[in-house]
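What the coordinates show
Residue-level listing of the chains:
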Amino acid sequence: MRAIRRFSVRPVLPEPLTGLGTLVNNLRWAWHPDTQDVFEAVDAQLWRATGGDPVRLLGEVSAARLEQLAGDGAFLRRLELAVADLNEYVEGQRWFQTEAGSPVSAVAYFSPEFGITHVLPQYSGGLGILAGDHLKAASDLGVPLIGVGLLYRHGYFGQSLNREGWQQERYPLVDPDGLPITQLRDGDEPATVSVTLPGGRKLGAQIWVAQVGRVPLLMLDSDIEDNEPAEREVTDRLYGGTTEHRLLQELLLGVGGVRAVREYCRIAGTPAPEVFHTNEGHAGFLGIERIRELSVDEGLDFDTALEVARAGTVFTTHTPVPAGIDRFPQELIQQHFSPEAFGEGVPVDRILALGCEDFEGGDPAVFNMAVMGLRLAQRANGVSQLHGVVSRGMFAGLWPSFDPVDVPISSITNGVHAPTWVAREISALTNAAASEGDSENMFDALDQVSDEQLWDTKRILRQRFIDDTRARVRASWVNRGASEAELGWVDEILDPDVLTMGFARRVPSYKRLTLMLRDPARLKAMLLHPERPIQIVIAGKAHPADEGGKKLIQEMVRFADDPEVRHRIVFVPDYDIALAQPMYPGTDVWLNNPLRPYEACGTSGMKAALNGGLNLSIRDGWWDEWYDDEFGWAIPSAEGVDDVDRRDDLEAKALYDLIEKHVAPRFYDGKTPARWIEMLRHTIKELGPKVLATRMVRDYVQQLYVPAAQASHKLNDTYDGARDLAQWKARIRAAWPEVRVDHVELQGLGDVPQLGTTVGVRAFVTLPAGLKPTDLDVQALHGRVDSSDEITDAVAVSLHLAESYDDNRHRFEGDLKLDRTGAFGYTVRALPNHPLLATSAELGLATAPSTPADVSPGTEF
Ligand SMILES: *Cc1c(COP(=O)(O)O)cnc(C)c1O
């Protein structure tokens, strides 16, 4: 018989053990080894059997054992200490309180997925892991963040293989009662939010709270009895279903999410967020909801509300692949953002305009979430320096008067949460990673550790990873139809003394899972090399709808199934946090060979690095920025070779060469390979501090959250500032086509311009009625010029108003210093200027002299 409903019965803990409940309900245990040890002490065997899931542990441990523990003084003291430590962690002063000097009351951080622990399977890959690490690092730093996401009843899929090596998906039901989360309640009743759908239907949701250290994560769940069956399914799974299904999820996340934050803050009595951060475009509707709030509650007109909402919104874009961007047919938006649902103050044509691709190369029939994200956020960033460059190019159409370098999308390079990802043994050696903080020289203790000790530690970690992998491979083969009796060979796979390479990530085509198979004979020779063999462990899930990705997995699995090599190359199904945690420490080399520049950042190599793994990677994402030959090897990229096959051939060959000539010889150089260990040390000490999520979150606070909060303050008190700003923008936009830079001249250049000379620049500008000289920033731009007279690394100098001839003719002046030799060029441009703009490119308006002839060197006016 099938149960019509399932629920988990939580145990009633004996009074002396209530502290266990406190520990379980704060997910800090997920990155705090001491707390995990307390759980293990409850019942070591059960702790292992549950895969380290404390909710299941407490649900399944016998009453007799609990009775026994309740009378065990040593255990109780340990429990008390753990609880006291948690309280101190949650309540103490941390970086944000003592050093950030920040005015930010709270930040609401929205993401479609969060990867926090393997027992909360609410993530598919890098985006979710990053969001989880963001919350954890914010907690460690004391940043007042509130996470907002959805609770998917089936999470992301679990992966297995069939006999033929084809990916199989399963969607086990997640029972909220069996998770370390609690329901948000308003008195006796569950707190709920709802969003109005076309035809007056309601999409309601309850709210679960996962406490991530100091940070609450609100998860909206539409599986409630008040909903119609179709609406109950909205939060069924991550990235599944039709376009409309996805829109409903995003509506619930963005709009419902803001409503959930309001409920949470009201009930918990905590300050309302001033900053709203959307991790990728999926939560972008949060901006529309904030405009609606301001329109209904404060009576603001759309443009004023837009300015207020924009000032406090931060948008992080994560994909350099245009196809990776979320787009909806305009009709769907039209149906879901009706006046009945959002009020007369939020006209749907204004919403459509925000997401419209009304620029060169755009499709005006679609609604683009990233475009809306950029228009609704005054501040935006990519996730590595290279991704910043790519994003500025990709979205340059939104700022048509500007060079890509001026496009106002900055970058903050991702990081990873060390206490989550660093093996205990490594933390113990560095005495640092578990400290839930960071500093430049936090890993210096490593200097006191001998080569032998380091090398022995790596061997222990390799062995642990191998044990875990063997168990998984055995289970996978049983699942593929093999009998236990046939599987003796599995105990022999992988060798703790062989150079171990790891490759794990989602399987979109640009990540090129099978690049290493380009020359199978050569790979085989490397795996089976008599003196210097390598072994490779591979993992990754293909999106359920991605047949191409599944083919790549099958190709990989078939290669690895070959009895000749199966002890040296292994595909392990079901890549998730639980698989990943022993994998990073257990590998010597982390392999990454994406098609440059499609890896926005990549974080797995960072996790390997923190565990003393060396990177062997194409210089893409973060590795482009921080590559150093002491941290690993750069696989040369054949970017520019248009023939995809040839490019793969070239890059695969370069990869094989590197492994054969450099990587393997260095690893097998003696019993304790000194050069290798030196690189390992260097990687942890020098690269380690850079790749930390705490570094990333501090960057977000200082570069984005604080300025956004300040901008938000200025517009929020009386809304007069916002009204003025909105009116000013309207005036500027209307009048801008009439702004003219009539004439520019240089003075004091001399016959032969010499280094160090200062020259005067004068620009004559005509303004239309209604614009004042102070509405403009007139800049001289100068720098090196290339063969087509493009200024390549322009420096901008703002000119001052020298004289007004009448109301609309003005002369601006300033000095340029000729500070480099060679071909030098300059020009002048006029930009809108207002103290509340985040950058002068914000409106996308700029005016240059209309013809080059208007720029005349050295002539007197
Ligand atoms: C780190 C991690 C990822 C993301 O890795 P990338 O290098 O960014 O692709 C995905 N899944 C899991 C389980 C991870 O731990």
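From a predicted model like this one, the values you see are computed outputs, not experimental measurements.

1. Some remarks on the overall build of the chain
Assigned secondary structure in the chain consists of 29 helices and 32 strands. For 861 residues, the compact-globule formula gives about 29 Å, and the C-alpha radius of gyration of the chain, at 29 Å, lands near that figure. Overall, the chain is about 95 × 70 × 50 Å in size when its C-alpha atoms are taken along their principal axes. Per-residue burial over the chain gives 58% buried out of 861 residues.

2. A look at the pairing of strand 24 (residues 632–635)
Bridge count for strand 23 (residues 614–618) against strand 24 is four bridges, and the pairing is parallel. If you follow Leu616 over to strand 24, its bridge partner there is Trp633. The parallel pair strand 23 and strand 24 is bridged by helix 25 (residues 621–626), and the resulting crossover is right-handed.

3. Topic: the pairing of strand 14 (residues 313–316)
Burial along strand 14 is two-sided: the residues Thr313 and Phe315 and Val314 and Thr316 are all buried. Note: strand 13 (residues 275–279) against strand 14, four bridges, orientation parallel. If you follow Asn279 over to strand 14, its bridge partner there is Thr316.

4. Examining the UniProt feature "domain: DUF3417" (unreviewed entry) in the chain
Taking the UniProt record as the reference, the feature "domain: DUF3417" (unreviewed entry) is found at residues 13–120. Annotated as residues 13–120, this span is 57% helix and 6% strand, and its ends, taken at the C-alpha atoms, are 23 Å apart.

5. A word on the site of the ligand
Within the structure, the ligand sits among 15 residues, and Lys511, Tyr575, Thr603, Ser604 and Lys607 are positioned closest to it. At 3.4 Å, a side-chain N or O of Tyr584 approaches an oxygen atom of the ligand. Measuring from an oxygen atom of the ligand, one finds a side-chain N or O atom of Lys607 at 2.5 Å. Out of a free accessible area of 390 Å², the ligand has 96% covered by protein chains. Elements with a minimum of two residues in the shell around the ligand: helix 8 (126–141), helix 23 (577–586) and helix 24 (604–610). For the shell around the ligand, the element with the most residues is helix 23, which contributes three residues. Of the residues belonging to the shell around the ligand, the class tally is six nonpolar, five polar and four charged.

6. With respect to the nonpolar core
Among the nonpolar cores identified, the biggest contains 98 residues, and Met516, Leu523, Ile536, Ile538, Ile569, Leu616 and Trp676 are the most heavily contacted of them. It is helix 26 (residues 644–667) that contributes the most residues to this core, nine residues altogether. Among the domains, domain 2 (95–414 + 701–716) and domain 3 (440–689) are the pair contributing at least three residues each to this core. Filtering out sequence-adjacent residues up to four positions away, Leu523 remains in contact with Met516, Leu517, Ile536, Phe559, Ile569 and Tyr656. Among the nonpolar cores identified, the runner-up in size contains 94 residues, and Val209, Leu220, Val234 and Leu715 belong to it.

7. With respect to the sheet that holds strand 21 (residues 569–571)
The strand order across the open sheet formed by six strands is 21-20-19-22-23-24, and the pairing between neighbours is parallel. In the strand order of this sheet, the two ends are held by strand 21 and strand 24, each with one partner. Ignoring which end each strand starts from, the neighbouring axes of this sheet average 15 degrees apart. Bridge count between strand 20 (residues 534–539) and strand 21: three bridges; the pairing is parallel. Across the sheet, residue Ile538 finds its bridge partner in strand 21, namely Phe571. Those strands touched by helix 21 (residues 520–527) are strand 20 and strand 21, and its axis lies near 120 degrees from that of strand 20. The sheet contacts of helix 23 involve strand 19 (499–504), strand 20 and strand 22 (589–592), and relative to strand 19 the element is tilted by about 140 degrees.

8. Quick notes on the pattern of salt bridges
Within the structure shown, the criterion is met by 61 salt bridges. With a closest N to O distance of 3.9 Å, Glu307 and Arg310 form a salt bridge. Residue Glu307 and its partner Arg310 are located together in helix 12 (residues 302–311), separated by three residues, close to a single helical turn. The burial state of Glu307 is the same as that of Arg310; both residues are buried. In this structure, the salt-bridge partner of Glu803 is Arg811, at a minimum N-O distance of 2.5 Å.

9. Re the sheet that holds strand 28 (residues 795–798)
Strand order in this open sheet of three strands is 28-27-31, and the pairing throughout is antiparallel. For this open sheet the edge positions go to strand 28 and strand 31 (824–832), each flanked by a neighbour on one side alone. Here the average twist between neighbouring strands, direction ignored, is 25 degrees.

10. Structural notes on helix 2 (residues 33–42)
Within the span of helix 2, buried status applies to Thr35, Asp37, Val38, Phe39 and Val42. Where helix 2 is buried, its residues touch helix 1 (18–25), helix 3 (44–49), helix 4 (54–60), helix 5 (63–70), helix 6 (73–91) and helix 19 (424–430).

11. Side note on the side chain of Arg292
Note that Arg292 resides in helix 11 (residues 286–297). Here Arg292 falls in the buried class, since its relative accessible area comes to 18%. Ignoring any residue separated from it by four or fewer positions in sequence, one finds Arg292 in contact with Arg259, Ala341, Phe342 and Val346.

12. Some thoughts on the side chain of Asp236
Looking at where Asp236 falls in the secondary structure, it is placed in the loop between helix 9 (229–232) and helix 10 (243–268). If sequence neighbours within four positions are ignored, Asp236 has contacts with Tyr152, Arg153, His154, Gly155, His245 and Gln249.

13. Details of the environment of Gly343
Its location among the elements puts Gly343 in the loop between helix 14 (339–342) and helix 15 (348–354). Residue Gly343 is classed as partly exposed on the basis of its relative accessible area of 21%. With 296 residues separating them along the chain, Gly343 and Glu639 place their C-alpha atoms 50 Å apart.

14. A few points about the domain arrangement of the chain
Domain assignment breaks the chain into domain 1 (15–91), domain 2 (95–414 + 701–716), domain 3 (440–689) and domain 4 (732–832). The straight-line distance from the C-alpha centre of domain 1 to that of domain 2 is 34 Å. Between domain 1 and domain 2, the contact holds 15 residues from the first and 18 residues from the second. Taking both partners together, domain 1 and domain 2 bury about 1300 Å²; carbon and sulfur atoms supply 61% of that area. It is Leu27, Trp31 and Tyr89 that lose the most area in domain 1 upon contact with domain 2, and together they represent 43% of the buried surface on that side. Taken together, domain 1 and domain 2 are joined by seven residue pairs in polar contact (both at pLDDT 80 or more). Counting residues per element, the ones that place at least two in the side of domain 1 that touches domain 2 are helix 1 and helix 6. Ranked by residues supplied to the side of domain 1 that touches domain 2, first place goes to helix 6 with three residues.

15. A look at the packing of helix 2 against helix 6
Between helix 2 and helix 6, whose axes approach to 10 Å, the crossing angle comes to 150 degrees. Put simply, helix 2 runs roughly antiparallel to helix 6. Remark: the crossing between helix 2 and helix 6 carries left-handed chirality. Judged by residue contacts, Asp37, Val38, Ala41 and Val42 of helix 2 engage Phe75, Arg78, Leu79 and Ala82 from helix 6. Taken together, the residues that form the contact of helix 2 with helix 6 break down as six nonpolar, no polar and two charged.

16. What about the packing of helix 21 against helix 26?
At a closest axis distance of 11 Å, the pairing of helix 21 and helix 26 adopts a crossing angle of 15 degrees. One element, helix 21, and the other, helix 26, form an angle in the roughly parallel class. Where helix 21 crosses over helix 26, the two elements pack in a sense that is left-handed. Taking contact as the criterion, the partners of Arg522, Leu523 and Met526 in helix 21 are, on helix 26, Lys653, Tyr656, Asp657, Ile659 and Glu660. A breakdown of the residues in the contact of helix 21 with helix 26 according to their chemical character gives four nonpolar, no polar and four charged.

Conventions we followed
Residues numbered from 1 in each chain as written. Predicted model: local features only at pLDDT ≥ 70, side-chain atom pairs only at ≥ 80, totals over all residues. Heavy atoms only, no water. Helix = DSSP H or I, 4+ residues; strand = E, 2+ residues; numbered from the N terminus. Rg over C-alpha atoms; globule rule 2.2 N^0.38 Å. Buried < 20%, exposed > 50% of the residue type's maximum accessible area, 1.4 Å probe, protein only. Pairing = 2+ DSSP bridges. Right-handed = clockwise from strand over helix to strand, strands pointing away. UniProt positions renumbered as here; feature names shortened; annotations may be inferred. Near = heavy atom within 4 Å. Polar contact = N/O pair within 3.5 Å; in protein donor to acceptor, adjacent residues only side chain to side chain. Areas by Shrake-Rupley, 256 points an atom, 1.4 Å probe, with all protein chains shown as cover. Nonpolar A, V, L, I, M, F, W, Y, C, P; charged D, E, K, R; others polar. Core = buried A, V, L, I, M, F, W, Y, C linked by side-chain atoms within 4.5 Å. Domains from an automatic or database assignment. Contact = heavy atoms within 4.5 Å. Axes fitted to C-alpha atoms, helices over the stretch in contact; angles between N-to-C directions. Salt bridge = Lys/Arg side-chain N within 4 Å of Asp/Glu carboxyl O. Buried area = accessible area lost by both parts, 1.4 Å probe. Parallel < 35°, antiparallel > 145°, perpendicular 65-115°, else oblique. Left-handed = near helix turned anticlockwise from the far one by under 90°.

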